[in-house]
Amino acid sequence: MQGKVIEVKDAWREGAHVDDSKYREMYAASVADPNAFWAEHGKRIDWMTPFSTVKNTSFEPGKVSIKWFEDGKTNVAHNCIDRHLETRGDQTAIIWEGDNPDESKHITYRELHAQVCRMANVLRNRGVGKGDRVTLYMPMIPEAAYAMLACARLGAIHAIVFGGFSPDSLASRIQGCGSKLVITADEGLRGGRKVPLKANVDEAIKRLDADLVDHVIVVRRTGGSVSMEAGRDVYYDEAAEQVTDECPAVAVEAEHPLFILYTSGSTGQPKGVVHTTGGYLVYASMTHEYVFDYREGDVYWCTADVGWVTGHSYIVYGPLANGATTLMFEGIPTYPSTSRFWEVIDKHKVNIFYTAPTAIRSLMGGGEGPVKKTSRASLRVLGSVGEPINPEAWEWYYNVVGDKRCSIVDTWWQTETGGILITPLPGATALKPGSATRPFFGVTPEMVDAEGKVLEGACEGNLCIADSWPGQMRTVYGDHERFEQTYFSTYPGKYFTGDGARRDADGYYWITGRVDDVINVSGHRMGTAEVESSLVAHPKVAEAAVVGYPHNVKGQGIYAYVTLNDGEEGDDALRKELVTWVRKDIGPIASPDLIQFAPGLPKTRSGKIMRRILRKIAEDDFSSLGDTSTLAEPAVVDDLIENRQNRA
Ligand code: WTA
């Protein structure tokens, strides 16, 4: 499939960082001699001790080890703040746009410095130092960025948990990384609704060993009343009054961990993805500059939440390392109206806008009116991330939102990759709606078949990356073996992404989605195993199997097959009860969309659930179920088809 081609427009080319031939030249240099390429680009950040070695990496089974700029020392907060003070102290670093359209503020680099130092001192006074883990469970307020940068300043490791996760999910993540300190807010505010963050933290801590969490720092957001435990909990504003706004940035080794971020895999509980300092920052800042064609003075807005990797790399670290003005949005696209995104773009004269296909699809449903009543004249580049963008949504983004003027960058990457790996570059890449196009500098995609044979030319297969890039995750926190097992054992010697893809004759990549048991719901990653284990914990449930199915707005929806214990009745009331159960257990993002009560699940004679069949039925496509003769009880399939919940 070649797809429709949208040639590079003059408007994108003018003043762009690279054109097509420069891209090809830089890409060739980056893969021919990664040491030389990254030695040069490693200098884009300040080093307190310069590095003398660049790449020291191995994907070899049993010996996977990833180190970049190993003997250099630096500090991420210094790079994101201090080094800009002389030249841009009075420039806005962060524009904060509140949930309520009447609330917004500008924070300069100088103010950011003072705020981050204060937060760092508050943490330091509570014993936080280099290598200590700090859990953040925060709304999208500037203090979330201050807290991240304060940890970085001290060499502490932050572990952010998305504010939509339940107390149970929060507890297991606090436990998983052994945080003694949690930073939260009284309540979050989204779409006019309050989110009980502090109450959730209290619930989470009750589930943990009594001596684990020593301190909870509570930022006042709504002013809502919350319970405060004496000796443990403190309001941030009160603690901040006690400290100065000067705090030195600690020089740490390039491979010192910057953060842990939990993400879902195909098996078991979420794993703590570890990113380190030097290579991560070099990669996040370089991709931010080139992929969005970031230019001095641009206002840049990424709509993600800091609870996800996109918020880490492309709201906070990449943009601030580049001295950009980054917009942080507390609200949602549909509040107070479905014009909100476009109104915010006009209000703050946003030049670069980065969002998820699910948001685009949901707004598309409301037609062009809410978009067209705004100007959007400031826009130059439009980005997409998190899931495959279907060509219809791509074209709407391009034609309606961007008025056919703007370059679209469909950026493919993962929590594990730290930054964008496959993407167009504005001014350099002719676009094809639905394709993430070509690899970024230093990235070596490889397509393999099921047996691991490397495919050449136009093909369809599993997407691997042959060699390391500086932003790559280094390990699973506390479990290096799981890291090797998860990413390097399927196709030994290669990093396996878990994604399927096509490569066309122009060498463009078309990501087709996960080939493992991970599903992508509204751009949020979920392991089907997590939802299953939540369902089977319900007293009426005997067995559950969860798969994804195509969903118009969410990309994928969650389809659960549930077998009840003998004597239980599967009705709508129980469906509701199970949805509530999972929401409470994991969080609202894991709510099943469809539940089918099934007397039996299709299993092989050895008892393995045949997920392929369940996926097909959930897709309402049961004409090609393939060979069902190996099933222990072929008849269960007829019942499943008969009672399927997704009917076109
Ligand atoms: C999917 C988000 C198609 C993919 C940064 C990947 C995409 C997973 C794209 C990672 C894209 C992300 N086109 N699919 N442009 N971007 N994905 O870890 O399946 O939350 O493996 O990172 O999202 O999700 P994660």
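Numbering of residues starts from 1 in every chain and runs along the sequence as written. It should be noted that, the model being predicted, local features are given only for residues of pLDDT at least 70 and side-chain atom pairs only at 80 or more, the latter also being counted only at that level, while totals for whole chains, interfaces and linings use all residues. Heavy atoms from the whole structure form the basis of all side-chain values; hydrogens and water molecules are not counted.

Asker: Teacher, can you tell me more about empty space enclosed by the protein here?
Answerer: Empty space among the atoms becomes visible once a probe the size of a water molecule is rolled across them. Grid points spaced at 1 Å and placed over the protein atoms alone form the basis of the search, with a cavity being a set where a 1.4 Å probe fits but cannot get out and a pocket an open set showing protein on both sides within 12 Å along at least five of seven lines. Lining residues have an atom within 4 Å of a point. Grid points are joined across faces, edges and corners, and a volume is the space filled by probe spheres set on the points. The full count for this structure, using the stated rule, is three cavities of 30 Å³ or more. Here the largest cavity is characterised by a volume of approximately 50 Å³. In terms of lining, the largest cavity is formed by Ile-160, Val-161, Phe-162, Phe-165, Arg-173, Leu-261, Tyr-262, Gly-307 and Trp-308.

Asker: Could you clarify how one ought to interpret unusual backbone geometry in this entry?
Answerer: Each neighbour pair has its own omega, and for Tyr-335 with Pro-336 the value is -5°, a cis peptide bond. For the purposes of this entry, the term helix denotes a DSSP run of H or I that reaches at least four residues, the term strand denotes a run of E that reaches at least two, and both are numbered from the N terminus. With respect to the secondary-structure elements, Pro-336 resides in the loop between β17 (325-329) and α13 (340-348). Although it is not a glycine, Asp-293 adopts a positive phi angle of roughly 45°. Tracing the backbone through its elements, the reader meets Asp-293 in the loop between α11 (278-291) and β16 (299-302). Unlike most non-glycine residues, Asp-403 shows phi in positive territory, near 50°. In this fold, Asp-403 is placed in the loop between α16 (391-401) and β20 (407-411).

Asker: Please clarify how the layout of surface pockets should be interpreted in this entry.
Answerer: By volume, the second largest pocket amounts to about 390 Å³. In terms of lining, the second largest pocket is formed by 19 residues, of which the most central are Ser-166, Pro-167, Arg-583, Lys-584 and Asp-585. Looking at the lining of the second largest pocket, the elements with two or more residues in it are α8 (167-177), α9 (197-206) and α19 (572-585). Examining the composition of the lining of the second largest pocket, we find that five residues originate from one element, α19, more than from any other. Here the lining of the second largest pocket is composed, by residue class, of seven nonpolar, six polar and six charged. Side-chain classes are defined by residue name, with Ala, Val, Leu, Ile, Met, Phe, Trp, Tyr, Cys and Pro counting as nonpolar, Asp, Glu, Lys and Arg as charged, and the others, Gly among them, as polar.

Asker: Teacher, can you tell me more about the site of the ligand here?
Answerer: If even one non-hydrogen atom of a residue comes within 4 Å of a molecule or strand, that residue is called near it. Around the ligand lies a shell of 17 residues, among which Asp-410, Thr-411, Thr-415, Asp-499 and Arg-525 are the nearest. In protein, a polar contact requires one atom able to donate a hydrogen and another able to accept it; more generally it is a pair of N or O atoms within 3.5 Å, and residues adjacent in sequence count only if both atoms are side-chain atoms. Residue Asp-410 places a side-chain N or O atom 2.7 Å away from a nitrogen atom belonging to the ligand. Contact distances for the ligand include 2.8 Å between a nitrogen atom and a backbone N or O atom of Thr-411. Computed with the Shrake-Rupley method and a 1.4 Å probe, the accessible areas treat only the protein chains shown as cover for residues. Considered on its own, the ligand offers 530 Å² of accessible surface; in the complex 96% of this is hidden by protein. Secondary-structure elements contributing two or more residues to the shell around the ligand are α12 (309-321), β20 and β25 (509-514).

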